[in-house]
Amino acid sequence: MNPYVFIIQGWHMNMIRALSSDYLQQCVDIAFLRNNQPENNSAYCPKSKENIRGDFEFIMGNHGSLMIGYFSHDDLAGILGCFVNPESNWVDCVGPYFSSEWSEDAAKEMFAFAESKLANAARFNFYFDVRNKNLHRLMELLSAERNDNEYHLLLKKANYKPQQLKRSVVPYSDKFENDVIQILHDTFPDAYVSGRELIDSIGKDREVFCALDENSAFVGYGVLKRYDDASRITAEIFAVSEGSRSKGYGWALLNAVVDCALNKFNADTVDLVVDRLNTHASDLYYSCGFKLAVENASYCIKR
């Protein structure tokens, strides 16, 4: 059998194959329709058509990544996007989405196709609104490992509650390079972005702020992530060395990142993600004015 064609039992001429940019607009339309519905949401996918298009163009134009299409009678009926991180070989899965009703069989076949084509993948990650019951069911069928749920928090400019910084925070400079890489590795060994990727992105789509103790020694950092959509900015990563936690450095870094987002880059909102069980961090974010936007489920399938 042609490896690009899968016949689903009981259905006539159903086919799954990798998609070229010829199908870009159809993919964008399907994702935009479904991703803005909580019951079909994939949190790795943006909400606006413009940003979906940008992400899908990247996936389709990236040799290591993959956009998968499910066809019914020659019509594109479903899609699954697979973005591959070349450093970790982790795959972030966008979807599956369907133009009409959800198909459990087609979803499983698209994932099987992804596994067959991405043979070097170390793990596949799925991240979606907890109200997406179809993906919960698919994760059970695929024997996926469930991680802690994550809260997506939003801060509107009008709700920002700044406080006087009681710790020293300075913009990143090259002398902090090794410190930033090391603390990222120590604090987030499974992070989706490596220390080298983080350093290389500074000044492009990320800004980094460093916290210093009373002896001007590095103790932690915070990251601001910018997007093509200038109205949105993410407070992406915060890390403080173990011996310096609960001393106000996290609060100082959060305020530095938020102040930069709202006042330097004129963002309308700042968002961030925090583990549901990390109540210490979430309490800090709530005190700054963040509010819960949505709760997301996180799963992974390890190879």
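Please refer to the structure higher up on the page.
It should be emphasised that the depicted structure is a prediction, and the values quoted were computed from it without experimental measurement. (Residues numbered from 1 in each chain as written. Predicted model: local features only at pLDDT ≥ 70, side-chain atom pairs only at ≥ 80, totals over all residues. Heavy atoms only, no water.)

(A) Representation of the environment of alanine 119. Residue placement: alanine 119 occurs in the loop between α3 (104-117) and β5 (123-129). Among the residues examined, alanine 119 registers a relative accessible area of 54% and is labelled exposed. Considered as a pair, alanine 119 and arginine 303 are 184 residues apart in the sequence and their alpha carbons are 9.2 Å apart. (Helix = DSSP H or I, 4+ residues; strand = E, 2+ residues; numbered from the N terminus. Buried < 20%, exposed > 50% of the residue type's maximum accessible area, 1.4 Å probe, protein only.)

(B) Fine view of the packing of aromatic side chains. The final tally for this structure, using the stated rule, is 11 aromatic pairs. A centroid spacing of 5.3 Å and a plane angle of 85° characterise the contact between phenylalanine 98 and tryptophan 102, whose relative ring orientation is edge-to-face. For phenylalanine 98, a relative accessible area of 4% corresponds to the buried category. Judged by centre distance (5.0 Å) and plane angle (75°), the ring pair of phenylalanine 111 and phenylalanine 124 falls under edge-to-face. Placement of the pair is phenylalanine 111 in helix α3 and phenylalanine 124 in strand β5, with a sequence separation of 13 residues. Just as phenylalanine 111 is buried, phenylalanine 124 falls in that class too. Connected via pairs of aromatic rings, a cluster forms that spans Tyr70, Phe98 and Trp102. Looking at arginine 123, its charged tip hangs above the ring of tryptophan 90, at a distance of 3.9 Å from the centre. (Phe/Tyr/Trp six-rings, centres within 6.5 Å; stacked < 30°, edge-to-face > 60°. Lys NZ or Arg CZ within 6 Å of the ring centre and 35° of its normal.)

(C) Structural detail: the side chain of aspartate 129. Following the sequence through the fold, aspartate 129 ends up in strand β5. Among all residues touching aspartate 129, those that are not within four sequence positions of it are Pro38, Asn41, Val294, Glu295 and Asn296. (Contact = heavy atoms within 4.5 Å.)

(D) A look at the pattern of salt bridges. Within this structure, the stated rule accounts for 14 salt bridges. The salt bridge partner of aspartate 29 is lysine 49, with a shortest N-O separation of 3.4 Å. Of this pair, aspartate 29 sits in helix α1 (residues 24-35) while lysine 49 sits in helix α2 (residues 49-61), and the two are 20 residues apart along the sequence. Between glutamate 236 and arginine 206 there is a salt bridge, with its nearest N and O atoms 2.6 Å apart. Here arginine 206 lies in strand β9 (residues 206-212) and glutamate 236 lies in strand β11 (residues 232-240), a separation of 30 residues in the sequence. Arginine 206 shares its class with glutamate 236; the two are buried. (Salt bridge = Lys/Arg side-chain N within 4 Å of Asp/Glu carboxyl O.)

(E) Representation of the packing of helix α7 (residues 249-264) against helix α8 (residues 279-288). Where α7 contacts α8, the two axes come as close as 11 Å, and the packing angle between them is 45°. By the criterion of interaxial angle, the relationship of α7 to α8 is oblique. In this structure, α7 meets α8 at a crossing whose hand is right-handed. Of the residues in α8, those touching α7 at Gly250, Trp251 and Leu254 are Leu284, Tyr285, Ser287 and Cys288. (Axes fitted to C-alpha atoms, helices over the stretch in contact; angles between N-to-C directions. Parallel < 35°, antiparallel > 145°, perpendicular 65-115°, else oblique. Left-handed = near helix turned anticlockwise from the far one by under 90°.)

Taken by themselves, the reported measurements are silent on function.
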